[in-house]
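# Geometric and topological summary
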Amino acid sequence: MTLDRFSNDEYDEYITRFHLADGEDVDQRRKSKTSHKTKKSDNRIIATLADEVSGLEGGFKISYKPARFEEGFLLSSLQPFYDQTLISDVLMRVKGGKEANVYLCQADPATGLDLLAAKVYRPRSMRNLRNDALYREGRELAVSASGVNRRKDDRMQRALKKKSAFGVQIAHSSWILHEYGALDQLYRLGAAVPKPYATGENAIILGYVGEAGRAAPTLHEVTLETRELQPLFQEVMRNIELMVKSRMIHGDLSAYNILYWQGKITVIDFPQVANAVNNRSAYFILQRDIQRVCEYFARQGLTRDPVELTDKLWWQHVGLDPVRQPPEEDLL
Ligand SMILES: Nc1ncnc2c1ncn2[C@@H]1O[C@H](COP(=O)(O)OP(=O)(O)OP(=O)(O)O)[C@@H](O)[C@H]1O
Ligand SMILES: [Mg+2]
């Protein structure tokens, strides 16, 4: 079946998909003589959203009983995946994080899969916004690496800088696209990450790690057997190296963002991936990731030197004189 992957090719598609105004400042748009048209289409969008939320029109009814506050954004975020016959039900909430909730979904029979995970980003108003400047530096907008025409891309980058409403929406969508793009690339490279299936305005659909009723625990929740320590540490380092080779640094790596299931690890949670070459804090971010991994393994009984490991990877794959100082405090 054809899944609604982010095909990365067209700016216009991006604009349509994420319901963005086409690069205009919102203020300018408000003043324009077409404002009554905007209002009409807003009403239509609200009506459609209401239908989606009620689930009556689209027939999307779910077994999981969401809390009142999450019902609206959950159903409207996942309805497109139901329409694409990718998922047929939401079975339970796996976990509520700071930025997103993860749900266990029943995969639609058309996919040939049994279960899928849906990572649903909280609406901007309900998110605990991390300080993204540290990670965003030197990173292209998620779409720009992929053939979006230069002039349009510049317009998007400018909107981001200006923090217009358009820019804020791009920033929100860009976190999601960035996570999806990183997962897509890493999965193809053979990294131990969930397979990404589809992305939407507020959510991504991923391979689920675990079984019905019991999602994989994070490494943090697991005590490893001695014989597992060395191979699992090596597997984590293999994944870090795979990323660095592709100029990526996870940026929030720790035992909280590594799942453990049937003796294998899966690295998750990629929206803040930083650019290993263009970000001035890249060395610092890499070292912090490796240090957190080493801390976990040290508690389990395997001691490794994070600075030595960082240096080795850095010189092998980045090779630039690193800035070893931590960045300004307000970036942390
Ligand atoms: N593919 C998956 N399969 C099973 N469980 C998953 C999957 N992806 C995420 N989870 C669970 O959902 C939790 C939250 O996911 P993730 O870390 O991606 O989101 P987050 O909102 O950034 O979380 P946090 O703010 O807690 O770091 C994870 O800790 C994990 O328990
Ligand atoms: Mg997480």
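In case you missed it, the structure is sitting above this.
The rules behind each value
Residues numbered from 1 in each chain as written. Chains lettered and ligands numbered in written order. Predicted model: local features only at pLDDT ≥ 70, side-chain atom pairs only at ≥ 80, totals over all residues. Heavy atoms only, no water. Helix = DSSP H or I, 4+ residues; strand = E, 2+ residues; numbered from the N terminus. Buried < 20%, exposed > 50% of the residue type's maximum accessible area, 1.4 Å probe, protein only. Contact = heavy atoms within 4.5 Å. Areas by Shrake-Rupley, 256 points an atom, 1.4 Å probe, with all protein chains shown as cover. Pairing = 2+ DSSP bridges. Axes fitted to C-alpha atoms, helices over the stretch in contact; angles between N-to-C directions. Phe/Tyr/Trp six-rings, centres within 6.5 Å; stacked < 30°, edge-to-face > 60°. Lys NZ or Arg CZ within 6 Å of the ring centre and 35° of its normal. Donors = N, O, S within 2.8 Å, 3.2 Å for Na, K, Ca; no water. Near = heavy atom within 4 Å. Polar contact = N/O pair within 3.5 Å; in protein donor to acceptor, adjacent residues only side chain to side chain. Nonpolar A, V, L, I, M, F, W, Y, C, P; charged D, E, K, R; others polar. Domains from an automatic or database assignment.

Helix and strand counts for the protein come out as ten helices and eleven strands. Taking all 332 residues of the protein together, the buried fraction comes to 48%. Sequence separation of 24 or more characterises 66% of the internal contacts of the protein that already satisfy a separation of 6 or more. In the form shown here, the protein has an accessible surface area of approximately 16900 Å², with 50% of it arising from carbon and sulfur atoms.

This part takes up the environment of R292. Here R292 shows up in helix α9 (residues 282-300). Spatially, the C-alpha atoms of R292 and A255 are 7.4 Å apart, while their sequence positions differ by 37 residues. Those residues within four positions of R292 in sequence are excluded, and the remaining contacts are D252, L253 and S254.

The next thing to look at is the sheet that holds strand β5 (residues 203-207). Strand order in this open sheet of five strands is β1-β2-β3-β5-β4, and the pairing throughout is antiparallel. Strands at the two margins of the open sheet, each flanked by one partner only, are β1 (87-96) and β4 (196-199). Averaged over all pairs of adjacent strands, the angle between their axes in this sheet comes to 25°, without regard to strand direction. Looking at chain direction, strand β2 (residues 100-107) and strand β3 (residues 115-121) are connected through seven bridges and run antiparallel. Following the sheet pairing, Y103 is matched in β3 by A118.

What follows deals with the pairing of β5. Counting buried positions along β5 yields five of five residues, so the element is predominantly enclosed. Both β3 and β5 contribute to a ladder of five bridges, which runs antiparallel. Directly across from A117, in β5, lies its bridge partner L206. Across three bridges, β4 lies against β5 in antiparallel orientation.

What follows deals with the packing of aromatic side chains. Each aromatic ring pair is characterised by the separation of its centres together with the angle its planes make. Evaluation of the coordinates by the stated rule reveals five aromatic pairs. A ring pair is formed by Y283 and W314, whose centres lie 5.4 Å apart and whose planes are at 80°; its orientation type is edge-to-face. Here the residue Y283 occupies a position in helix α9, and W314 occupies one in helix α10 (residues 306-318), the gap between them amounting to 31 residues. Since its relative accessible area comes to 4%, W314 is described here as buried. Among the aromatic residues, those joined into a cluster by ring pairs are F233, Y296 and F297. The ring of W175 has R136 lying over it, and the distance from NZ or CZ to the ring centre is 5.2 Å. One cation-aromatic arrangement involves R324 over Y283; the distance from NZ or CZ to the ring centre is 4.7 Å.

Here the focus is the coordination of the magnesium ion (ligand 2). Binding of the magnesium ion (ligand 2) to the protein goes through N257 (OD1) and D269 (OD), at separations of 2.2 Å. Taken together, the residues N257 in the loop between β8 (248-249) and β9 (258-261) and D269 in the loop between β10 (264-267) and β11 (274-275) connect sequence positions twelve residues apart. Its relative accessible area of 8% is what places N257 among the buried residues.

Looking now at the site of ligand 1. Of all residues adjacent to ligand 1, which total 19 residues, the nearest are K98, K119, G207, V209 and D269. K119 is positioned such that a nitrogen or oxygen atom in its side chain is 2.8 Å from an oxygen atom of ligand 1. Between ligand 1 and N257, the relevant distance is 3.1 Å, taken from an oxygen atom to a side-chain nitrogen or oxygen of the residue. Elements represented by at least two residues in the shell around ligand 1 include exactly β1, β2 and β3. Within the shell around ligand 1, the residues separate by chemical class into ten nonpolar, four polar and five charged. Both of domain 1 (11-214) and domain 2 (216-331) provide at least three residues apiece to the shell around ligand 1.

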